[in-house]
Amino acid sequence: MDSDLNKLLIDYFPTPNTENKDLFKLLNQTSKIICEWFSLSEELSPIPQKKNNLIYEPNKYGCEIKTLLDDIHSLIYSSFNPSHPGSLAHLDPPPLTISIVGDLIAGALNNNLLAEELSPSISRLEDDLCKWFAMKIGFEDSSGGIAASGGTLNNLNALVCARFKAGLTCDPDASFIVSEEAHVSFKKCAKILGIKDENLITIETDIYGKMNISKLNKKIEESNLLGKKIFCIVATLGTTIRGSIDPIFEIGNICKNNNIWFHIDGSIGGIFAISNNVINKISNLSIANSITINPQKLLGITKTSSLLLVDDINHLRKTFYTGLPYIDSSEEVLNRGELGVQGSRPAEIIKLWLGLKFLGEEGINDILKSSIMKKILFENILDKNKFNIYSGSLHIISFEPKNMNFEQINNWSLVTKKFLLENKIMISRPLFKNRYVLRIVFGNFNTKKSHIIKLANLINNKINE
Ligand SMILES: *Cc1c(COP(=O)(O)O)cnc(C)c1O
């Protein structure tokens, strides 16, 4: 690093009436470190080889910029490396290029999505973009949405809203329904909402991982007899372990007939709704009252990027209304801090807005389609005589060896995961119905056909050892 850096004199804050030349240099230097790391990402490993020796506490006096840049370097090189083509373990793709810029801009603006006066243009951008997503879903003019820091929070926003609408906010019999393969965030939501364990009702899935409709009907009857008051049924559009899609239309109709809020957890699969013809199974979403979509997952908008879309924005408005006593604004102004559980919020919408414009419809299709094609390629090579395969229509696949008991499966998956990591391929080992299986998420655009063929062959050969 050049010795010039020692002389950088960074102001505490960007300053008016100067050129902020040193800030400019600092940004350039940081960009250089980051871009070099991206260039080296395949040489490195998905998981860092070495730990850093970063000192966490500040000294009496602030350190030199050169020291900070060295620290930034160490931090980066000791971090998880999502851009490596072998990073296939989780729903954490490489960062979409332009969204890195979006994060930088959001940092520079430091606007607050709490209130219109603290983020005039960005509040409008969020409103407009949520509306655009809502229209893609098929919602009507009354619809809208809110961004939150992740799918867990948006699922929570939806459940708070559903319970409020049902008039059950303080009712101990308030209950909601998910499938047994729904995301673990619903357990957390139930705790936050003060829902009793027995009132988080889970429905068994069929062999494809979809909520079993006759069991759902039966459970609703049983629950009613027990005096439970169901305020929401959640369908998962893309389960975390195998990317299955619950029967949206059937569940939606059951909700309509029983006057129950219908929430879709589309954290993984909802993004396919904004694209044409990648998966034809994604339709009828407008039957829902709310849907969570996480562009941070497959599109690679940098974390966090998650939206909750609702069929009628007034539901969120009524649920979270408090008035903002510290903000002076007129009645007509909708302060977006009153549409969800978060107060101050970063301008995350900028990177989503830039990301979508940067990709265009074709780019979005390209990313979504390639993820599905990769999954299919892998599934076709994996030896079906040797493995049980669990995979819905999305880009996620789980598998386990046939003819083994659970203990043997647990061991095999552990050894195989380690073996693959030695080959710079990182996959995951989730708990699935009481045993640990292996899972691959084909959401990494840097993973090429050759990587997938190699991976499938390594696994096929491993089972023959
Ligand atoms: C990831 C995920 C969530 C939670 O989203 P976070 O952004 O991690 O809070 C919810 N549901 C499903 C199906 C998910 O895969």
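Above this text you will find the structure in question.
Source: prediction; values computed, not measured.

Observations regarding the site of the ligand
Part 1 of the argument: Close to the ligand lie 15 residues; G151, T152, D265, Q296 and K297 are nearest.
Part 2 of the argument: At 2.6 Å from a nitrogen atom of the ligand is found a side-chain nitrogen or oxygen belonging to D265.
Part 3 of the argument: Interatomic distance of 3.4 Å between a side-chain N/O atom of S267 and a nitrogen atom of the ligand.
Part 4 of the argument: For the ligand, whose accessible area on its own is 370 Å², the fraction buried by protein is 86%.
Part 5 of the argument: Looking at which element gives the most residues to the shell around the ligand, the answer is helix α5 (residues 151-165), with 3 residues.

Some remarks on unusual backbone geometry
Part 1 of the argument: A cis amide bond links K303 with the next residue in sequence, T304, at an omega value of -5°.
Part 2 of the argument: With respect to the secondary-structure elements, T304 resides in the loop between β6 (290-293) and β7 (306-310).
Part 3 of the argument: In the Ramachandran plot, N259 falls in the positive-phi region, its phi being about 55° despite a non-glycine side chain.
Part 4 of the argument: Along the polypeptide, N259 turns up in the loop between α8 (248-258) and β5 (261-266).

Description of the sheet that holds strand β8 (residues 387-390)
Part 1 of the argument: Pairing within the open sheet is antiparallel, and its 3 strands lie in the order β8-β9-β12. On the outer flanks of this sheet lie β8 and β12 (438-441), each paired with one strand and no other. Pairwise comparison of adjacent strand axes, ignoring direction, gives a mean angle of 25° for this sheet.
Part 2 of the argument: In terms of strand pairing, β8 meets strand β9 (residues 396-401) through 4 bridges, oriented antiparallel. Its bridge partner lying in β9, I389 is registered against F399.
Part 3 of the argument: Relative to β8, helix α12 (residues 449-463) is tilted by about 140°, and along the sheet it contacts β8, β9 and β12.

As for the sheet that holds β5
Part 1 of the argument: Strands sit in the order β1-β7-β6-β5-β4-β2-β3 across an open sheet of 7 strands; the sheet is mixed. Edge positions in the open sheet fall to β1 (144-148) and β3 (200-203), since each of these has one partner strand only. Each neighbouring strand pair of the sheet contributes to a mean axis angle of 20°, computed without reference to strand direction.
Part 2 of the argument: As defined by bridge partners, β1 adjoins β7 across 5 bridges and the pair is classed as antiparallel. Its bridge partner lying in β7, A147 is registered against L307.

Notes on the environment of K25
Part 1 of the argument: Structurally, K25 can be placed in helix α1 (residues 21-39).
Part 2 of the argument: Taking relative accessible area as the criterion, K25 reaches 34% and is therefore assigned partly exposed.

Here we look at a nonpolar patch on the surface
Part 1 of the argument: A grouping of I47, F80 and L421 is seen on the molecular surface, where their side chains present a nonpolar patch of about 210 Å² in accessible area.
Part 2 of the argument: Within the element layout of this structure, I47 appears in the loop between α1 and α2 (65-77).
Part 3 of the argument: Given the relative accessible area of 32%, I47 is considered partly exposed.

Some words on the state of the cysteines
Part 1 of the argument: Within the structure shown, the criterion is met by 0 disulfides.
Part 2 of the argument: No disulfide involves C189; its sulfur sits 10 Å from that of C232, the nearest cysteine.
Part 3 of the argument: Residue C189 is classed as buried on the basis of its relative accessible area of 1%.

Topic: the side chain of S87
Part 1 of the argument: Its place among the elements puts S87 in the loop between α2 and α3 (97-109).
Part 2 of the argument: Residue S87 is classed as buried on the basis of its relative accessible area of 6%.
Part 3 of the argument: From its side chain, S87 meets the backbone oxygen of N81 in a polar contact 2.8 Å long.
Part 4 of the argument: What S87 contacts, discounting residues up to four positions off in sequence, is P46, F80, N81, P82, M426 and N444.

Some words on the pattern of salt bridges
Part 1 of the argument: This model, assessed by the stated rule, comprises 13 salt bridges.
Part 2 of the argument: Salt-bridge contacts for K66 lead to D70; the nearest nitrogen and oxygen are separated by 3.2 Å. Residue K66 and its partner D70 are both found in helix α2; the two are separated by 4 residues, about one turn of the helix.
Part 3 of the argument: The salt bridge involving R242 is made with E181; its shortest N-O contact spans 2.7 Å. Within this pair, whereas R242 is found in the loop between β4 (229-236) and α8, its partner E181 is found in the loop between β2 (174-179) and α6 (185-193), the two being separated by 61 residues in sequence.
Part 4 of the argument: Owing to a relative accessible area of 3%, R242 belongs among the buried residues under this scheme.
Part 5 of the argument: Several salt bridges converge on common partners, so that one network encompasses E126, D127, R336 and R345.

About the thresholds
Residues numbered from 1 in each chain as written. Predicted model: local features only at pLDDT ≥ 70, side-chain atom pairs only at ≥ 80, totals over all residues. Heavy atoms only, no water. Near = heavy atom within 4 Å. Polar contact = N/O pair within 3.5 Å; in protein donor to acceptor, adjacent residues only side chain to side chain. Areas by Shrake-Rupley, 256 points an atom, 1.4 Å probe, with all protein chains shown as cover. Helix = DSSP H or I, 4+ residues; strand = E, 2+ residues; numbered from the N terminus. Pairing = 2+ DSSP bridges. Axes fitted to C-alpha atoms, helices over the stretch in contact; angles between N-to-C directions. Contact = heavy atoms within 4.5 Å. Buried < 20%, exposed > 50% of the residue type's maximum accessible area, 1.4 Å probe, protein only. Patch = residues over 30% accessible without salt bridge, like charges linked within 9 Å, V, L, I, M, F, W, Y side chains within 5 Å. Salt bridge = Lys/Arg side-chain N within 4 Å of Asp/Glu carboxyl O. Disulfide = S-S within 2.5 Å.

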